[in-house]
Amino acid sequence: MHSLLSRGNAILAYTLSVLACLTFLCFLSTLFVDYRTNSTINTVKVIVKSVPDFSASRERSDLGFLIFDLQANLTHLFNWNVKQLFLYLTAEYSTPNNILSQVVIWDKIILRGENAVLDFKSMNTKYYFWDDGNGLKGNQNVTLTLSWNIIPNAGLLPSIFAIGHHSFQFPSDYVQSRV
Amino acid sequence: MIVSSALMIWKGLMVVTGSESPIVVVLSGSMEPAFHRGDLLFLTNYQDDPIRVGEIVVFKVEGRDIPIVHRVLKLHEKRNGTVKFVTKGDNNSVDDRGLYAPGQQWLTKKDVVGRARGFLPYVGMVTIYMNEYPKFKYAVLVCLGLYVLVHRE
């Protein structure tokens, strides 16, 4: 009647259902948390060059360089169902060629337990800011926004925009010399 | 009965989520530390919902059987609504242009299988073990078969 096999089976099945139930409760407990918070972004220096883009079309494209400051305190975003934050800084603009362009110029992974107070001064971008064509020179409205993608232990994967963004314009002349 | 209801659930999920494969198992470590091998992702693929930077997309590349799960790095949208974008794995140091088909520079909407919406850790490990160790799969099948035969009341 109660062989070793059936006892083992019962324990295993019960463990699995309890784990599933707890995971689901963990997911429910953080379903309605508001993950928005403030950020301050500023650009220190902005230049644009015209360089052949060998990573894509090989044609001369606009390549933006910028140095930025970034402040945000994300400590309170962490709760028991946040494993990791994936931060990314997006430059969003529009050109005659493309109605919407979004380029991620910097990103960072913050695991739970790591320092989540960001205070960066004069940071270089992590990725090249290539435009798809020549739409950066003299572009009047490029918006930088910090966003984060929340990676939970189990649950949804929301992407959140920070409150606060920074708009800047590119100079109307290319820089010829090497930077 | 069980097989047909499983099939119906899968097909029903396909209709609800709009994705041809609503649940995928992460097979590589290229998105670590967010996703590890064996984690389960739930996908949707609504056409009205625009693709934006920072989203995790699952896409297929010509000449590769296995779909890739990576994050959108940059994106350009034309006036007529066509979108082209480049992806990158969180754990990779360069973007994915080297992974695409020869000559392919951009992904478009038709390459996308789905967008990651939900995450469940470890559960997919079972399918990975079954695929990597066929003996384990047969052992499980034999055990289940014996169990059914022995315990029929």
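How each quantity is defined
- Residues numbered from 1 in each chain as written.
- Chains lettered and ligands numbered in written order.
- Predicted model: local features only at pLDDT ≥ 70, side-chain atom pairs only at ≥ 80, totals over all residues.
- Heavy atoms only, no water.
- Helix = DSSP H or I, 4+ residues; strand = E, 2+ residues; numbered from the N terminus.
- Rg over C-alpha atoms; globule rule 2.2 N^0.38 Å.
- Buried < 20%, exposed > 50% of the residue type's maximum accessible area, 1.4 Å probe, protein only.
- Areas by Shrake-Rupley, 256 points an atom, 1.4 Å probe, with all protein chains shown as cover.
- Core = buried A, V, L, I, M, F, W, Y, C linked by side-chain atoms within 4.5 Å.
- Contact = heavy atoms within 4.5 Å.
- Polar contact = N/O pair within 3.5 Å; in protein donor to acceptor, adjacent residues only side chain to side chain.
- Domains from an automatic or database assignment.
- Buried area = accessible area lost by both parts, 1.4 Å probe.
- Salt bridge = Lys/Arg side-chain N within 4 Å of Asp/Glu carboxyl O.
- 1 Å grid on protein atoms, 1.4 Å probe; cavity = no way out; pocket = protein on both sides within 12 Å on 5 of 7 lines; lining within 4 Å.
- Points joined across faces, edges and corners; volume = space filled by probe spheres on them.
- Nonpolar A, V, L, I, M, F, W, Y, C, P; charged D, E, K, R; others polar.
- UniProt positions renumbered as here; feature names shortened; annotations may be inferred.
- Expected span 1.5 Å × (residues − 1).
- Pairing = 2+ DSSP bridges.

**Digging into the overall build of chain A**
Scanning chain A from N- to C-terminus turns up 1 helix and 9 strands. The N-to-C order of helical and strand elements in chain A reads α-β-β-β-β-β-β-β-β-β. Compactness check: chain A gives a C-alpha radius of gyration of 23 Å against a globular reference of 16 Å for 179 residues, more than 25% above the reference. Considering only C-alpha atoms, chain A reaches an extent of 85 × 35 × 30 Å along its principal axes. Taking all 179 residues of chain A together, 45% fall into the buried category. Surface exposure of chain A reaches about 9,700 Å², of which carbon and sulfur atoms provide 60%.

**Brief notes about the nonpolar core**
Counting residues in each nonpolar core, the largest one holds 36 residues, and the members touching the most others are A:L74, A:L85, A:W106, A:F129, A:L146 and A:W148. If we ignore the near neighbours within four places in the chain, the residues touching A:W106 are A:F68, A:L70, A:L87, A:Y88, A:L89, A:F120, A:M123, A:N124, A:K126, A:Y127 and A:L146. Core analysis: the second largest hydrophobic core is formed by 22 residues, A:Y127, B:L75, B:F85 and B:L107 among them.

**Notes on the side chain of A:H166**
All names here are of chain A. Structurally, H166 can be placed in strand β9 (residues 159–168). Judged by relative accessible area, H166 falls into the buried class, the value being 15%. In terms of polar contacts, H166 uses its side chain to reach the side chain of T43, at 2.9 Å. In this view, H166 contacts I41, N42, T43, V142, T143 and L144; residues no more than four positions away in its chain are not counted.

**Some remarks on the domain arrangement of chain B**
Reports of interface size often rely on the accessible area that becomes lost once the parts have come together. All names here are of chain B. Its domain assignment divides chain B into domain 1 (2–122) and domain 2 (124–153). Every contact between the two is made by 7 residues of domain 1 and, on the other side, 5 residues of domain 2. Between domain 1 and domain 2 the total buried area reaches about 450 Å² when both faces are included, carbon and sulfur atoms providing 58% of it. Three residues stand out in domain 1 for area buried against domain 2, namely V25, R37 and Y122, and they jointly supply 75% of the buried area on that side. Linking domain 1 with domain 2 are 1 salt bridge, by the criterion used here.

**Digging into empty space enclosed by the protein**
Applying the stated criterion across every chain yields a total of 2 cavities of 30 Å³ or more. A:F86, A:Y88, A:V104, A:D107, B:G54, B:R71, B:V72, B:L73, B:K88, B:G89 and B:D90 are the residues that line the largest cavity. Every element with two or more residues in the lining of the largest cavity is listed here: β3 (84–93) and β4 (100–111) of chain A together with β4 (68–77) of chain B. Residue contributions to the lining of the largest cavity peak at 3 residues, all from β4(B). For the lining of the largest cavity, a count of residues per class yields 5 nonpolar, 2 polar and 4 charged.

**Considerations on the UniProt feature "domain: Peptidase S24/S26A/S26B/S26C" (unreviewed entry) in chain B**
If you check UniProt for "domain: Peptidase S24/S26A/S26B/S26C" (unreviewed entry), the listed places come out as residues 11–97 of chain B in our numbering. A distance of 33 Å separates the end C-alpha atoms of residues 11–97 of chain B, which is 8% helix and 32% strand.

**Concerning the domain arrangement of chain A**
All names here are of chain A. When cut into domains, chain A gives domain 1 (1–32) and domain 2 (34–168). Using only C-alpha atoms to locate each centre, domain 1 and domain 2 end up separated by 42 Å. Facing 7 residues of domain 1, the contacting portion of domain 2 comprises 8 residues. Approximately 550 Å² of surface area, both sides summed, lies buried where domain 1 meets domain 2, with 67% of it carried by carbon and sulfur atoms. Put simply, domain 1 and domain 2 have 0 salt bridges between them. Counting every contact that joins domain 1 to domain 2 gives 2 residue pairs in polar contact (both at pLDDT 80 or more). A class-by-class count of the residues in the side of domain 1 that touches domain 2 yields 4 nonpolar, 3 polar and no charged.

**Details of helix α1 (residues 2–17) of chain B**
Spanning 16 residues, α1(B) covers 22 Å between terminal C-alpha atoms, matching the ideal 22 Å at 1.5 Å per step. Remark: B:G18 follows α1(B) within two positions and exhibits a positive phi of approximately 75°.

**Some thoughts on the interface of chain B and chain A**
Residue-level contacts link 31 residues of chain B with 35 residues of chain A. Taking both sides of the interface into account, the surface hidden between chain B and chain A amounts to around 2,700 Å²; carbon and sulfur atoms contribute 54%. In this assembly, chain B and chain A are joined by 1 salt bridge. Notably, a salt bridge pairs B:K84 with A:D132, separated by 3.1 Å at the nearest N-O pair. Contributing elements (two or more residues each) for the side of chain B that touches chain A: β4, β5 (83–88) and β6 (112–120) of chain B. By residue number, the principal contributor to the side of chain B that touches chain A is β4(B), which donates 7 residues. Residues that form the side of chain B that touches chain A fall into these classes: 15 nonpolar, 5 polar and 11 charged. With 2 bridges joining them, strand β8 (residues 155–156) of chain A and β6(B) adopt antiparallel strand pairing. Pairing of A:L156 across the sheet is with B:G118, part of β6(B).

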